[in-house]
Amino acid sequence: MKTLDLISRITVYEDHSELPIEWQDLLDKAHEAAKKAYSPYSNFKVGAALLLNNGEIITGNNQENAAYPSGLCAERTAIFYASAQFPEVPFNKLAITAINPKEKLTKPVSPCGSCRQALLEYEQKFKQRIEVLLAGEEGEIYVLKSISDLLPFSFSND
Ligand code: THU
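Bear in mind that the values here come from a model prediction, so they are computed numbers and not experimental data.

### Regarding the overall build of the protein
- The secondary structure content of the protein amounts to three helices and six strands.
- N-terminal to C-terminal, the α/β element order of the protein is β-α-β-β-α-β-α-β-β.
- Scaling as 2.2 N^0.38, a compact globule of 158 residues should have a C-alpha radius of gyration of about 15 Å, and the protein matches this with 15 Å.
- Dimensions of the protein, computed from C-alpha atoms along their principal axes, come out at roughly 50 × 40 × 35 Å.
- For the protein, buried positions account for 42% of its 158 residues.
- Here the contacts in the protein between residues at least 6 apart in sequence split such that 68% fall between residues at least 24 apart.
- Summed over its atoms, the accessible surface of the protein is roughly 9,100 Å², and 51% of this surface lies on carbon and sulfur atoms.
- Counting 16 positive and 21 negative side-chain charges, the protein places the averaged centre of each group 3 Å from the other.

### Looking at the site of the ligand
- Around the ligand, the neighbouring residues are S42, F44, V46, N62, E64, C73, A74, E75, P111 and C112.
- A distance of 2.9 Å separates an oxygen atom of the ligand from a polar atom in the side chain of N62.
- The separation between an oxygen atom of the ligand and a polar main-chain atom of A74 is 2.9 Å.
- Considered class by class, the residues forming the shell around the ligand number six nonpolar, two polar and two charged.

### Observations regarding the pairing of strand β6 (residues 141–144)
- In this structure, strand β1 (residues 10–13) lies alongside β6, joined through four bridges in antiparallel fashion. Its bridge partner being in β6, V12 is matched across the sheet by Y142.
- Direction of pairing for strand β5 (residues 131–135) relative to β6: antiparallel, over a ladder of four bridges. In the strand pairing of β6, L133 is matched with V143.
- What sits between β5 and β6 in their antiparallel hairpin is a turn of five residues, with G139 showing a positive phi close to 90°.

### Digging into the nonpolar core
- Counting 27 residues, the largest nonpolar core has L50, F91 and L94 as its most contacted members.
- Mapped onto this core, the elements with two or more residues apiece are β2 (45–52), α2 (74–85), β4 (91–99), α3 (113–126) and β5.
- Once residues within four sequence positions are removed from consideration, L94 is found in contact with W23, L26, A48, A49, L50, L119, I130, E131, V132, L133 and I147.
- Listed in part, the 13 residues of the second largest apolar core include A30, L51, I141 and V143.

### Looking at the packing of α2 against α3
- The N-to-C vectors of α2 and α3 enclose an angle of 25°; their axes lie 9 Å apart at closest approach. For the element pair α2 / α3, the angle class is roughly parallel. Crossing of α2 over α3 shows left-handed handedness. Contacts between α2 and α3 pair E75, R76, I79, F80 and S83 from the former with S114, C115, A118, L119 and Y122 from the latter.
- Within the contact of α2 with α3, the residues separate by chemical class into six nonpolar, two polar and two charged.

### With respect to α3
- For α3, which comprises 14 residues, the first-to-last C-alpha distance of 21 Å matches the rise-based estimate of 20 Å (1.5 Å per residue) to within 8%.
- For α3, the complete set of buried residues consists of C115, R116, A118, L119, L120, Y122, E123 and F126.
- For α3, the secondary structure elements touched by its buried residues are α2 and β4.
- Just past α3, the residue K127 takes up positive phi, approximately 50°.

### Considering unusual backbone geometry
- Although it is not a glycine, K127 adopts a positive phi angle of roughly 50°.
- With respect to the secondary-structure elements, K127 resides in the loop between α3 and β5.
- A positive phi angle, close to 55°, is found at F153, a residue other than glycine.
- Note on placement: F153 falls in the segment after β6.

Criteria and cut-off values
Residues numbered from 1 in each chain as written. Predicted model: local features only at pLDDT ≥ 70, side-chain atom pairs only at ≥ 80, totals over all residues. Heavy atoms only, no water. Helix = DSSP H or I, 4+ residues; strand = E, 2+ residues; numbered from the N terminus. Rg over C-alpha atoms; globule rule 2.2 N^0.38 Å. Buried < 20%, exposed > 50% of the residue type's maximum accessible area, 1.4 Å probe, protein only. Contact = heavy atoms within 4.5 Å. Areas by Shrake-Rupley, 256 points an atom, 1.4 Å probe, with all protein chains shown as cover. Lys, Arg positive; Asp, Glu negative; His and termini not counted. Charge placed at Lys NZ, Arg CZ, Asp CG, Glu CD. Near = heavy atom within 4 Å. Polar contact = N/O pair within 3.5 Å; in protein donor to acceptor, adjacent residues only side chain to side chain. Nonpolar A, V, L, I, M, F, W, Y, C, P; charged D, E, K, R; others polar. Pairing = 2+ DSSP bridges. Core = buried A, V, L, I, M, F, W, Y, C linked by side-chain atoms within 4.5 Å. Axes fitted to C-alpha atoms, helices over the stretch in contact; angles between N-to-C directions. Parallel < 35°, antiparallel > 145°, perpendicular 65-115°, else oblique. Left-handed = near helix turned anticlockwise from the far one by under 90°. Expected span 1.5 Å × (residues − 1).

Here you go:
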């Protein structure tokens, strides 16, 4: 018998101003996308911004529906759109943030399990890590080196 550790490393930035400039820009774009979310049921606005290897930035936000499960999270809206428009271009960075009009978010938001699985698919497709930034509206910001750090020991095509 033995035990195995699953370890994920997170870089913690104190706030927006401490981030490298490229991350600041991507986070700003995710924040702008969050403002445009269609979330009349939860009133929770999530924004995602993806940086592609060709320099394109694709954003997405959550889209809700009166039949609740028919909606889609911001992360999948962004990555599916990016893959639909640029099927052969890998992604290298993803910023995720949210706006909660009821109470300011002081902690980073983190993608749901379905989004983690969907994002991982493209990391494996392109054999290239996607760095992920997670932010709230204020406070610390987390950066992880790979989607697989968010979903260790995952189901995959291998
Ligand atoms: N949501 C996202 O957009 N991304 C996630 O990773 C988790 C949740 C959305 C779905 C729903 O519109 C709202 O947040 C509240 O759950």
